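# Coordinate inspection notes
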Amino acid sequence: MGTLHPSALSPRDLPWRVCWDRDRCTLCGQCTAVCPVRAIELGVHRRREVPVLMGLGERPGNVYRVYYGIDQKTDPAHACVGCGMCSFVCPNSAIFPVRSEETDKLKFHANQGGEPRRRGGRRNDTASVLDRIKFVRISMLTDPALDAGRHEFELRTLLGRILPPEEILNSAKEDGWAPPVREIYPLIVGGMSFGALSPNMWEGLQMGVAYLNEELGMPVRISTGEGGCPPRLLRSRFLKYVILQIASGYFGWDEIIHALPEMKEDPCAIEIKYGQGAKPGDGGLLMWHKVNGLIAAIRGVPPGVSLPSPPTHQTKYSIEESVAKMIQSLSMAWGFRVPVYPKISATSTTTAVLNNIARNRYAAALAIDGEDGGTGAAYNVSMNHMGHPIAANVRDAYLNLVKIGKQNEIPLFAGGGAGKNGNLAANAAALIMLGASGVQVGKYLMQAAAGCVGSEGDRCNICNLGRCPKGITSQDPRLYRRLDPEDVAGRLVDVFLSFDAELKKILAPMGRSTSLPIGMSDALGIDDFHAAERLQIRYVV
Amino acid sequence: MCRLFAITSNEPLSPMVALRALDVMKEGHDGSGVGLFMTDLGGDLEQFRGSPILSGVFSQEGIKRLDRYMMELGLLTKFKLSIRPAKEPPEGTPKRDVYLIRVYEYPFEWEGLSEAEIAARLMRIRIDLRRLGEQDGSMMVFSFWPDTIMIKEVGDPLAIAEYLGLDRKSLKARVIMAQGRQNTNYAVTLYACHPFFLQGFATMTNGENTAFGPIRDYLMSRGFPGYAGYQSDSEVFTHILHYTANRLGLGIDAYKHIITPLKDEELTRHPDSAFLRRLKHGCRFLTIDGPNCVIGCLPDKTLFMVHDSKKLRPGVVGGRPGMFAFSSEMCGLDGAIPVREGNCEFQPMKYDLACVDASRMEVRRWSQWEPCTHLH
């Protein structure tokens, strides 16, 4: 019998179908060469033609012809991911992927060999509470609105443990130690590791951040993610713009510790990653395809092996003891001059973590990553179903701090979902007004600064395979050379400048310019009664 | 927009001086309310300088409740200057039974208590009375403090002054603050009417404080029972002043640095940058976001004026040795003190603080750029 088996799929069963126009195709082969998952291949087809004869003298017959064209593969390993690179390279616009109109069948078969689907990207859910939040307090005649273009704004936030004013005065009087505090821009480039990202992408982001700081005076900071930091950057003056992340795999920290005596500058901060929003309760996952010589050297591991970080730090026994010790040890490594803070996945237990962190005077902040956070690689089920939305979580955390009077002592940084539908400034402003001191952003920058084709519609999402068609998350020089670091840097600068202008356009009509409106929830409204109740903001219809 | 007027004089003045100045500035307020704060009292109340004075608006039932409450605490009435209006109130002004100004005598048990403890008890009594009164509207209490009178009412300032007979000789003070209200709430509540008062500190403001919400939350989470109320966004100015002086032990110049800190890059050029930066960080939730002009009075009877950094609200200080006035409009100052010494006149800008202390010899000007030698 034929090849019909349970996982035999037709093109119609796949999430993406490749449409090809024979009349326009020049058979140049660029599409088959560029396809990152080899979903299409050159096909040789036989076609039967039955000529219609006008007279009765000749007997009817048929002829067989051969033509060349594009075949779409239908096995799960080669299913089209919809990245659209085929249409990107096609000189004649002869080919393009089209989304299947009904729920695809691939999802029932993307577990061949008993291995659940893993992917990179995002949750593939366009719903966003942040997008629904409106800024309803507009300064009108009782209090003129400000001119966003010409007024002076101070859009800065603080990263670091801030002592209560009474203790600041005592400390000043006694010339005592005060925790380090950084004055930074409220939008932070969130942790995306060297390894998850290609060298060109990483370099582009770093260059862009350096430009924003040194040429434009915007104190933008970037987190390294869990993958260490290139040795030259560790020893450069640009390290002060970098937040070094340590996570459960401790990748790259041997190199960092050895570079300590040679560091010209302190890093901006140390972020201890206990969790991330995309795969809460799960560790990092760098697949072996991406662990080349360079990555292996920076991370201090052998090349060509998968690097799954444990879900938790192996030394973590309790938050009161081990976490406190880790924060203190890292503080000590830099002579208590560098803020050290934990980053956790948003969870219903966030306030319990926060209350413990609040009692640890060395804890500089708390970063909370919501379920909409992106990742280079994770199990599909983790991405889609695990985690807590950021809006309610950061709100709970802030209100908890207000309750104990420490809203100024522990800055909260929110991530996961800001800009997921393109509304970065509005989402960030909403998070700040719900109580965040700053916002971490990753996916939006991948799209805006590097042209990531991923979307909330399960498009592409192959960051984990190292075959990123734009060269953003690939370690293959043939792929990442498509991405020019200078272009990434330029686009990053564009993003921050436009974000800054939009943030001012939000704050100016509300009459805010002197300080960041952290916790200014009286200005927020939402058209959902229950969401309004939950977030303790105004219900507006 | 509200109009503000404050005057400090060696000779006790009738509150009419301030109310007439408000009338001169009437173009800027719609007469929807008036608030008066008087301290360094003259007239009949001068002799009771150390005794606490209760100011508020009471119904007959409220007076009975007050008497019962005070008797239980052992606080006895020493002197009364209460106003019981006989006439019909002006249009728009509600009919009230008593505008209470009553001097109390401390109970014996309070003897030997520290100043701080007495201050705490007076504040608790005021808060208790306010809470009791809020249940049935029988009592509205504005202040309970020595050498302090407050009167607040809805309506046109001059019409109310006439109605209450505020030009009486017995009612005089050397420091008077008055606000002509441009009401922005439909439901007029007297607790939203400036000036606001807490343990010797009083301020009044015009403009709108857009950072009100987070500031209120921060003050309310300090664990101090006096940081409450907040029917108006401007009440936080008084409480920040109180926090600066009483909780942090800092002066009026620190108040300016707290509510309108220098920008990060400006701080790098300040001689006290390290300290001021830490102060700014620590008091981040007390930074105001105006536009506001704040006129206030300290427990030592110093009057002062500051602005937020946007300087969209004007203000002027002027006068002559012995008498100075602070006004939100120049015409108010002209009306109250037509003859002034030119070199005493000053319009503070965004970095400035202007103040006149109880000696009333000069307008002291201070800029945020000056070293803050007495801050720490």
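## A closer look at the interface of chain A and chain B
Chain A puts 35 residues into the contact, and the matching count from chain B is 30 residues. Secondary-structure elements contributing two or more residues to the side of chain A that touches chain B are helix 4 (165-173) and helix 12 (390-403) of chain A. At six residues, helix 4 of chain A tops the list of elements feeding residues into the side of chain A that touches chain B. When the residues that make up the side of chain A that touches chain B are grouped by side-chain class, the tally is 15 nonpolar, 11 polar and nine charged.

## Examining the sheet that holds strand 4 (residues 76-80) of chain B
All names here are of chain B. With antiparallel pairing, four strands are arranged side by side in an open sheet as 4-5-3-6. Where the open sheet ends on each side, the last strands, each with one partner, are strand 4 and strand 6 (139-146). On average, adjacent strands in this sheet sit at an angle of 30° to one another, irrespective of strand direction. Bridge analysis of strand 4 against strand 5 (residues 98-105) gives four bridges, and the strand direction is antiparallel. What sits directly across from Leu76, in strand 5, is Glu105.

## Considerations on the domain arrangement of chain A
Residue and element names in this part refer to chain A. When its domains are assigned, chain A resolves into domain 1 (11-106) and domain 2 (129-539). Between the C-alpha centres of domain 1 and domain 2 the distance comes to 44 Å. Per-class residue counts for the side of domain 1 that touches domain 2 are seven nonpolar, two polar and one charged.

## Focus on the packing of helix 5 (residues 212-220) of chain B against helix 6 (residues 235-247) of chain B
Residue and element names in this part refer to chain B. Interhelical geometry of helix 5 versus helix 6 gives an angle of 45° and a closest axis separation of 11 Å. The pairing of helix 5 with helix 6 is recorded here as oblique in orientation. The interaxial crossing formed by helix 5 with helix 6 has left-handed handedness. Contacts from Phe212, Ile215, Arg216 and Leu219 in helix 5 reach Val236, His239 and Tyr243 in helix 6. In the contact of helix 5 with helix 6, the residues fall into five nonpolar, one polar and one charged.

## Here we look at the packing of helix 1 (residues 15-24) of chain B against helix 4 (residues 157-164) of chain B
Geometry of a packed helix pair, given as the angle between the helix axes and the separation of the axes. All names here are of chain B. Helix 4 packs onto helix 1 with a crossing angle of 150° between their chain directions and a minimal axis gap of 8 Å. It follows that helix 1 is roughly antiparallel to helix 4 by the angle criterion. Contacts between helix 1 and helix 4 involve Met16, Leu19, Leu22 and Asp23 from the former and Pro157, Leu158 and Ala161 from the latter. Residue classes in the contact of helix 1 with helix 4 are distributed as six nonpolar, no polar and one charged.

## Notes on the sheet that holds strand 13 (residues 316-320) of chain B
All names here are of chain B. If you trace the six strands from one edge of the open sheet to the other, you get 7-2-8-1-14-13, paired in antiparallel fashion. Strands with a single pairing partner mark the edges of an open sheet, and in this sheet they are strand 7 (148-153) and strand 13. On average, each strand axis in the sheet is tilted by 15° relative to the strand beside it, whichever way the strands run. Of the pairings in the sheet, the one linking strand 2 (residues 33-41) to strand 8 (residues 173-181) comprises eight bridges and is antiparallel in character. Opposite Leu41, over in strand 8, you have Ala173 as the bridge partner. Those strands touched by helix 1 are strand 1 (3-13), strand 2, strand 8 and strand 14 (323-327), and its axis lies near 30° from that of strand 8.

## A look at unusual backbone geometry
Most peptide bonds are trans, and most residues other than glycine sit at a negative phi. Omega for the bond connecting His194 of chain B with Pro195 of chain B falls within 30 degrees of zero, at -10°, which places this linkage in the cis form. Looking at the element boundaries, Pro195 of chain B is found in the loop between strand 8 and strand 9 (196-198). In this structure, Ser93 of chain A takes a positive phi of about 50° despite not being glycine. Counting through the fold element by element, Ser93 of chain A comes out in the loop between helix 2 (85-89) and strand 4 (95-99). Its 9 C-beta neighbours within 10 Å are what place Ser93 of chain A among the exposed residues.

Cut-offs used in this document
- Residues numbered from 1 in each chain as written.
- Chains lettered and ligands numbered in written order.
- Predicted model: local features only at pLDDT ≥ 70, side-chain atom pairs only at ≥ 80, totals over all residues.
- Contact = placed C-beta atoms within 7 Å.
- Helix = DSSP H or I, 4+ residues; strand = E, 2+ residues; numbered from the N terminus.
- Nonpolar A, V, L, I, M, F, W, Y, C, P; charged D, E, K, R; others polar.
- Pairing = 2+ DSSP bridges.
- Axes fitted to C-alpha atoms, helices over the stretch in contact; angles between N-to-C directions.
- Domains from an automatic or database assignment.
- Parallel < 35°, antiparallel > 145°, perpendicular 65-115°, else oblique.
- Left-handed = near helix turned anticlockwise from the far one by under 90°.
- Buried ≥ 20, exposed ≤ 12 C-beta atoms within 10 Å, placed from the backbone.

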